[in-house]
Amino acid sequence: MSDHVIEIKHLSRRFRRTTALDDVSLEVPAGIVMGLVGGNGAGKTTLIKHLLGLLKAKSGSVRVFGLDPVRDPVGVLGRIGYLSEDRDLPQWMRVDELLNFTQAYFPNWDPAYAAELRETFDLDPKQRIKSLSRGQTARLGLLTALAHRPPLLVLDEPSSGLDAVVRRDILAAIIRTVADEGRTVLFSSHLLDEVERVADRVAMLHNGQLVLSDQLQTVLDSHSRLTLRFAEPSQTKPTLPGALSCDGSGQEWTVICNGQIDELRAAATEQGAEVVEHAKPSLDEVFVARIHDGGSRSIDADQEVNP
Ligand code: ATP
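The structure presented is a predicted model; accordingly, all values stated were derived computationally and were not measured.

Asker: An account of the nonpolar core is requested, with residue identities and associated values reported.
Answerer: Formed by 51 residues in total, the largest nonpolar core has its most connected members in Phe121, Leu140, Leu143, Leu146, Ile175, Phe187 and Leu283. Among the elements that take part in this core, helix 6 (residues 164-180) stands out by supplying eight residues, more than any other. When residues of this core are assigned to domains, at least three fall in each of domain 1 (4-216) and domain 2 (222-292). In this structure Ile175 touches Val33, Leu155, Val185, Phe187 and Val198, once residues within four positions along its chain are discounted. Residues Ala42, Leu47, Leu52 and Phe65 belong to the second largest nonpolar core, which totals 26 residues.

Encoded structure:
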C-alpha cells in the first residue's frame, strides 16, 4: 500500500461552464503539513470536497488512506478532522451539547483534550452556537475537528474569522503539533505568510490547475528576486530566463524568476543591466508572480452541485 495519505490522480471537475479542477494530481505523504494556496475560485474547496466524498470524482481518482471517500465514507471520514469553510455548526445547540453530540461519532474522542482546547479557545460551554461571534464559531469548529485526534486534519481556510493572536500563536502551534505526532494536515489559506510559517509542502492552484507543488523550502530556494539597474532608462521590460514577473520602469526593474542565478546574471549583463540586489522572494511574491494574469472566477449561485 502507498504511504501517501492522499492520492489524487488526474482529477477534473466542471460545474457547467466553469472548470473548477483541471487534471489535478497531488500526493500528500503522512506526517506533513500541506498548505493549499490559491486565489478566490482557484478550486481549493472543490478539491477538499472530493477528499471528504462530498463530491464524486467524475474524471480521475481520489484516494484517502487508500480508500475511495465516496465508496467508503465511514473508513475515510472516521479518520478525518474537518473544518469547513462556512463553519456549518448546528445553531440551536449549546457548545457543550455540540461536543457531546460530536463525541458520539468518534470512538477516539479525547474528552480531556477537548476540555483543554475549550479553555484555550475561551469558549463558554453553556453558550448557544447562534450567539457565538464569527471567531468563536471558528474556534469551536476547530475544536470539534481536533478533539478526536484524527490521523488527517483537513482545514478549509482555518484562519478566516480568527484574530491575529489566535492565528499566530494557537492555530500554528496546533498544526505543528499534529504533524509532530506523525499525523497529517492539509489546510487551505489565502494567507501566504501563514502558509510559509507552518507548511512543509505547498500546492498552488490557479483557475483549477495545479501550478506548483513541492517542498516549501524547495519552492523558496528555487526562486529569486532580482533588482536590475540599467545604465540608461529602458522602455521595455527586461527578459530573463525563467522570469515569472517583472515590475519597474526606467533604470530599475524587479524580476521574480525561477532559474540559476549565474545564468540570470549573465542574461542581465547581456542586456546592459547590473544585478544590484539578489534575494529570496517570499511565498507571497512567488504566488503573485506565478498567477500574475490574475484571473479569478465568481460563484454562480444558480449552479447545482451534483455529487
Ligand atoms: P475561495 O477561496 O473563494 O473559497 P476556492 O479556491 O475554494 O475559492 P472553489 O470554491 O473550489 O474555489 O471554486 C472553484 C470554482 O468552481 C469557482 O469558479 C466556483 O465558482 C466554482 N464552483 C464551486 N462550487 C460550485 C457549485 N456548487 N456550483 C457551481 N460552481 C461552483
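Asker: Lay out the packing of aromatic side chains in plain terms, naming residues and giving numbers.
Answerer: What the rule picks out here adds up to one aromatic pair. Look at Phe101 and Tyr105: their rings are 5.4 Å apart centre to centre, the planes differ by 70°, and that puts the pair in the edge-to-face class. One Lys or Arg, Arg79, reaches over the ring of Phe65 and ends 4.4 Å from the middle of that ring. A cation sits over an aromatic face here: Arg149 above Tyr113, 4.0 Å from the ring centre.

Asker: Break down the domain arrangement of the chain for me, citing the residues and quoting the values.
Answerer: Domain boundaries assigned for the chain yield domain 1 (4-216) and domain 2 (222-292). The centre of domain 1, based on its C-alpha atoms, is set 36 Å off from the matching centre of domain 2. The interface is formed by 12 residues belonging to domain 1 together with seven residues belonging to domain 2. Summed over both partners, the interface of domain 1 with domain 2 buries about 800 Å², with 81% contributed by carbon and sulfur atoms. Inspection of the region where domain 1 meets domain 2 yields zero salt bridges. The interface formed by domain 1 and domain 2 holds one residue pair in polar contact (both at pLDDT 80 or more) in total. Those elements giving two or more residues to the side of domain 1 that touches domain 2 turn out to be helix 7 (192-198), strand 8 (201-206) and strand 9 (209-215).

The rules we used
- Residues numbered from 1 in each chain as written.
- Predicted model: local features only at pLDDT ≥ 70, side-chain atom pairs only at ≥ 80, totals over all residues.
- Heavy atoms only, no water.
- Core = buried A, V, L, I, M, F, W, Y, C linked by side-chain atoms within 4.5 Å.
- Buried < 20%, exposed > 50% of the residue type's maximum accessible area, 1.4 Å probe, protein only.
- Helix = DSSP H or I, 4+ residues; strand = E, 2+ residues; numbered from the N terminus.
- Domains from an automatic or database assignment.
- Contact = heavy atoms within 4.5 Å.
- Phe/Tyr/Trp six-rings, centres within 6.5 Å; stacked < 30°, edge-to-face > 60°.
- Lys NZ or Arg CZ within 6 Å of the ring centre and 35° of its normal.
- Buried area = accessible area lost by both parts, 1.4 Å probe.
- Salt bridge = Lys/Arg side-chain N within 4 Å of Asp/Glu carboxyl O.
- Polar contact = N/O pair within 3.5 Å; in protein donor to acceptor, adjacent residues only side chain to side chain.

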